[in-house]
Amino acid sequence: MDTPVPRFYLYGEPHRVADRRFVHLEALDDRSRPSEWTIRPHAHADLHHIFHIRGGGGAMRAEAAILAFEAPCLIVVPAGVVHGFSWQSESNGSVLTVSSAYVDLLRQRNEELRGVFALAQVARLDPAGSSGFATACEALLEELSWNAPGHRAAAEAGLLGLIVRTMRATHGREADLFTPPGRQAALVARYRERVETHFRAREPVGVYAAALGTTESRLRAACQAAAGQTPTQILDQRAFVEAQRALLYSNLSVAEIANTLGFDDAHYFSRYFRRCAGCSPRSYRAAHADTALADT
């Protein structure tokens, strides 16, 4: 089992690798209305979302959290985060989707943008801010829809402007999540990438360090400086997130989940989960059963 929830390109479309400079903008109700205003929990491997809600509201599931919102607001959903929506009927707005590779390229030239997609969150807008965001979306959509001279440059400028507006709307919440630039941050980014593809193997941190061409002590120092966590904590956190997903979105038994995450002993997995969550896997599943967004 790769994941207990579906991974899409755009919602409802089979997963494929996004183009390096992929940008897509559509009306909120293009997919929500045909889905009867319910978007089932899913994830995108390498696509970030910014939702602009001009009218209506609803609730978003982001992993195990439920975030209620009402217009006008922005919703940020980073790549890889399991998310779903229960919309109020006739909600309206727009959905901006951009590849993580494109965002990384923009970050290289604009370090202050590094925290924009640090976490899933909702940010309130005042009427003027909402109107300005909508106007900027219309301008970007126009550039994406034709082949006039300079339209690629204009589209990138429009995209950058919308990301900056989002950064400003969420700035206070993201100040503590900024990752300092430099060699240590780059090493931690590479470590996270390898964790994403190897965490089920339950490999020791030393194996990761060797694969990255560094030592355990240097990796530990980088993780502490750039992420405020040890390499083991980052690794355990990723496995814990996947365990949560399996408990919330699948009917697998605790023993089956333990096996998919590389734990040979289901009892050890249960102790590990209790250490992370403060409760047993079964208790966690039962406690969240009534709060999950409908997935049927």
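Rules behind the numbers
- Residues numbered from 1 in each chain as written.
- Predicted model: local features only at pLDDT ≥ 70, side-chain atom pairs only at ≥ 80, totals over all residues.
- Heavy atoms only, no water.
- 1 Å grid on protein atoms, 1.4 Å probe; cavity = no way out; pocket = protein on both sides within 12 Å on 5 of 7 lines; lining within 4 Å.
- Points joined across faces, edges and corners; volume = space filled by probe spheres on them.
- Helix = DSSP H or I, 4+ residues; strand = E, 2+ residues; numbered from the N terminus.
- Domains from an automatic or database assignment.
- Contact = heavy atoms within 4.5 Å.
- Buried area = accessible area lost by both parts, 1.4 Å probe.
- Salt bridge = Lys/Arg side-chain N within 4 Å of Asp/Glu carboxyl O.
- Pairing = 2+ DSSP bridges.
- Axes fitted to C-alpha atoms, helices over the stretch in contact; angles between N-to-C directions.
- Buried < 20%, exposed > 50% of the residue type's maximum accessible area, 1.4 Å probe, protein only.
- Arc of directions from axis to C-beta.

For the chain, an unreviewed UniProt entry supplies the name HTH araC/xylS-type domain-containing protein and the organism Sphingomonas aurantiaca.

A closer look at empty space enclosed by the protein
Tallied over the entire structure, the rule returns one cavity of 30 Å³ or more. By volume, the largest cavity amounts to about 170 Å³. Surrounding the largest cavity, 18 residues form its lining, Y11, E26, R31, F51 and V95 being those nearest its centre. Contributing elements (two or more residues each) for the lining of the largest cavity: β1 (23-27), α1 (29-32), β2 (38-42), β3 (47-55), β7 (83-87) and β8 (92-99).

Examining the domain arrangement of the chain
The domain architecture assigned to the chain consists of domain 1 (23-170) and domain 2 (183-293). On a C-alpha basis, the centroid separation for the pair domain 1 and domain 2 is 28 Å. Residue-level contacts link 13 residues of domain 1 with ten residues of domain 2. Regarding the contact of domain 1 and domain 2, the summed buried area is about 830 Å², with carbon and sulfur atoms giving 62% of it. Considering only the surface of domain 1 that becomes buried against domain 2, R61, E63 and A64 emerge as the three largest contributors, covering 56% of it. Taken together, the links from domain 1 to domain 2 amount to one salt bridge. The partner of R245 in a salt bridge is E63, and the shortest N-O contact between them spans 2.5 Å.

Some points on the sheet that holds strand β6 (residues 73-77)
Taken together, five strands build an open sheet; the order of strands is β1-β8-β3-β6-β9 and the sheet is antiparallel. Edge positions in the sheet fall to β1 and β9 (121-124), since each has one partner strand and no second. Going across the sheet, the axis of each strand differs from the next one's by a mean of 15°, ignoring polarity. Strand direction decides the pairing type here: β3 and β6, joined by five bridges, are antiparallel. From the neighbouring strand, I50 faces β6, where its bridge partner is V76. Contacts from helix α2 (residues 100-109) reach β1, β3 and β8, with the element oriented near 75° to β8.

Some thoughts on helix α11 (residues 281-288)
Taken together, the buried positions of α11 are occupied by P281, Y284 and H288. Looking straight down α11, one finds that the buried residues subtend no more than 60° of arc, so they occupy a single side. Every exposed residue of α11 that faces more than 90 degrees away from the buried side is listed here: R282, A286 and A287. Buried residues belonging to α11 abut β4 (57-62), α8 (231-249), α9 (254-260) and α10 (266-277).

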